[in-house]
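Single-letter residue listing:
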Amino acid sequence: MNRGPSWFNVTSIVLGFSFLYLPIVILVIFSFNASRLVTVWGGFSTKWYGELLHNQQLLDAAWVTLRVGFAAATIATVLGTIGALVLARMGRFLGRSLFSGMIYAPLVMPDVILGLSLLLLFVAINQDRGFWTVMLAHTTFCMCYVAVVVQSRLVGFDRSLEEAAMDLGCPPVKTFFLITLPLILPGVLAGWMLAFTLSLDDLVIASFTTGPGATTLPMKIYSQVRLGVTPEINAVCTILVGLVTVGVVTASILTKRREVRRQRDEQLAAAAP
């Protein structure tokens, strides 16, 4: 007889979620604090969001972060999807172990090692560090996460639809864009969202590969926190949390709608005479 969750399970879940999300809730609440002292509540106010609009350094860092994140996530999604297709469809080939090892290495490699190695690479090729070096560095470690997500989507993929399309004369490239890509699109979008979030969050690798005029928002926040937390930092962090939350919820809703539409189409096709 199932009596439901025990008090130990409920307590563990509550403590776990409190440990993860209570600091974020406190940060959001204190971003509306009227007092300049972030540890003393001085009443509800939104003035720090107005002050944030006049903080040009934080705005410039946020713009750099968004540009780096969008470019790195987009390139990483394309390359990661190609890598996932190779691992899922090519079978055993010469150099597969090396290729898969290079794909998965950034997953377990410390950020300090990856950042230092990329720094030495850029120095060796005499590449000036700036926006493009940070973008390439983020693309490098985000690509492997995309490959893992898309590969998991391809593992249970029904290839009979592709075979039917090619039997009817559809070229392989056209089959991929018309059949394969729409079916694995939820995994591709999830990979893009994950890559974009990882790029927004990165501090260590960007610190090694950045240069003049390419200070990202995590680097700017870290440099200011070392001198003391200001209400503007709480405000900008709250905005980031809101943007990521909206993006994740939107992606989940779109994925759910696509899945429901696909199941409905399959039922209609099965019921057709």
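Peer 1: Which residues make up the overall build of the protein chain, and what are the values?
Peer 2: Along the protein chain, the regular secondary structure elements total 11 helices and zero strands. Across the protein chain, helices and strands are ordered from the amino to the carboxyl terminus as α-α-α-α-α-α-α-α-α-α-α. Structurally, the protein chain occupies a C-alpha span of about 70 × 65 × 35 Å along its principal axes. Across the 273 residues of the protein chain, 32% fall into the buried class. A total of about 16,800 Å² of accessible surface is found on the protein chain, and carbon and sulfur atoms cover 69% of it.

Peer 1: Lay out unusual backbone geometry in plain terms, naming residues and giving numbers.
Peer 2: The residue Asn-126 is not glycine, and still its phi comes out positive at about 60 degrees. Tracing the backbone through its elements, the reader meets Asn-126 in the loop between α5 (111-124) and α6 (131-155).

Peer 1: Before we move on, can you summarise the side chain of Ser-199 with the specific residues and values?
Peer 2: With respect to the secondary-structure elements, Ser-199 resides in helix α8 (residues 172-201). Among the polar contacts made by the side chain of Ser-199, one reaches the side chain of His-138 at a distance of 2.8 Å. Not counting residues within four places of it along the chain, the set of residues in contact with Ser-199 comprises Val-68, Gly-69, Ala-72, His-138 and Cys-142.

Peer 1: Break down the packing of aromatic side chains for me, with residues and values.
Peer 2: In total, this model carries eight aromatic pairs according to the counting rule given. Relative to Phe-44, the ring of Phe-32 lies with its centre 5.3 Å away and its plane at 10 degrees, an arrangement referred to as stacked. Note that Phe-32 is positioned in the loop between α1 (7-30) and α2 (47-52) and Phe-44 in the loop between α1 and α2, a separation of 12 residues in sequence. Overall, Phe-32 belongs to the partly exposed group, its relative accessible area being 23%. Look at Phe-32 and Tyr-49: their rings are 5.2 Å apart centre to centre, the planes differ by 35 degrees, and that puts the pair in the tilted class. Here Tyr-49 lies in helix α2 and Phe-32 lies in the loop between α1 and α2, a separation of 17 residues in the sequence. Residue class for Tyr-49 comes out buried when judged on its relative accessible area of 17%. Put simply, the rings of Phe-32, Phe-44 and Tyr-49 touch in pairs and so form one group of aromatic residues. Positioned over the ring face of Phe-131 is Arg-67, at 4.6 Å from the centre of the ring.

Peer 1: Please provide a residue-by-residue account of the environment of Leu-79, values included.
Peer 2: Checked against the element boundaries, Leu-79 lands in helix α3 (residues 56-89). Using a relative accessible area of 39% as the deciding quantity, one classes Leu-79 as partly exposed. Setting aside its immediate chain neighbours within four residues, Leu-79 contacts Thr-139 and Met-143.

Peer 1: Kindly report on a positive patch on the surface, identifying the contributing residues and their values.
Peer 2: Residues Arg-257, Arg-258, Arg-261 and Arg-264 make up a contiguous surface patch of positive charge. The exposure class assigned to Arg-261 is partly exposed, which follows from its relative accessible area of 40%.

Peer 1: Can you tell me about the nonpolar core, naming the residues and giving the values?
Peer 2: Formed by 20 residues in total, the largest nonpolar core has its most connected members in Leu-118, Val-150, Leu-154, Ile-184 and Ile-205. When contributions to this core are tallied by element, the ones reaching two or more residues are α3, α5, α6 and α8. No other element matches α6, which puts six residues into this core. Once residues lying within four places of it in the same chain are set aside, the contact partners of Leu-118 are Ala-137, Thr-140, Ile-205 and Thr-209. In terms of nonpolar packing, the next biggest core, distinct from the first, is built from 10 residues, Leu-52, Leu-217, Ala-235 and Val-236 among them.

Peer 1: I'd love a proper account of α3, names of residues and values included.
Peer 2: Along an α-helix, residues three or four apart share an orientation, since each turn contains 3.6 residues. Helix length check: α3 (34 residues) gives 49 Å between terminal C-alpha atoms against 50 Å at 1.5 Å per residue, within 8%. Residue Gly-91 follows α3 closely and has a positive phi angle near 70 degrees.

Peer 1: Before we move on, could you go through the side chain of Glu-162 and cite the residues and values that matter?
Peer 2: Looking at the secondary structure, you find Glu-162 in helix α7 (residues 160-167). With near-sequence residues (within four places) excluded, Glu-162 lies in contact with Arg-89, Phe-157, Thr-175, Ile-179 and Thr-180.

Calculation notes
- Residues numbered from 1 in each chain as written.
- Predicted model: local features only at pLDDT ≥ 70, side-chain atom pairs only at ≥ 80, totals over all residues.
- Heavy atoms only, no water.
- Helix = DSSP H or I, 4+ residues; strand = E, 2+ residues; numbered from the N terminus.
- Buried < 20%, exposed > 50% of the residue type's maximum accessible area, 1.4 Å probe, protein only.
- Areas by Shrake-Rupley, 256 points an atom, 1.4 Å probe, with all protein chains shown as cover.
- Polar contact = N/O pair within 3.5 Å; in protein donor to acceptor, adjacent residues only side chain to side chain.
- Contact = heavy atoms within 4.5 Å.
- Phe/Tyr/Trp six-rings, centres within 6.5 Å; stacked < 30°, edge-to-face > 60°.
- Lys NZ or Arg CZ within 6 Å of the ring centre and 35° of its normal.
- Patch = residues over 30% accessible without salt bridge, like charges linked within 9 Å, V, L, I, M, F, W, Y side chains within 5 Å.
- Salt bridge = Lys/Arg side-chain N within 4 Å of Asp/Glu carboxyl O.
- Lys, Arg positive; Asp, Glu negative; His and termini not counted.
- Charge placed at Lys NZ, Arg CZ, Asp CG, Glu CD.
- Core = buried A, V, L, I, M, F, W, Y, C linked by side-chain atoms within 4.5 Å.
- Expected span 1.5 Å × (residues − 1).

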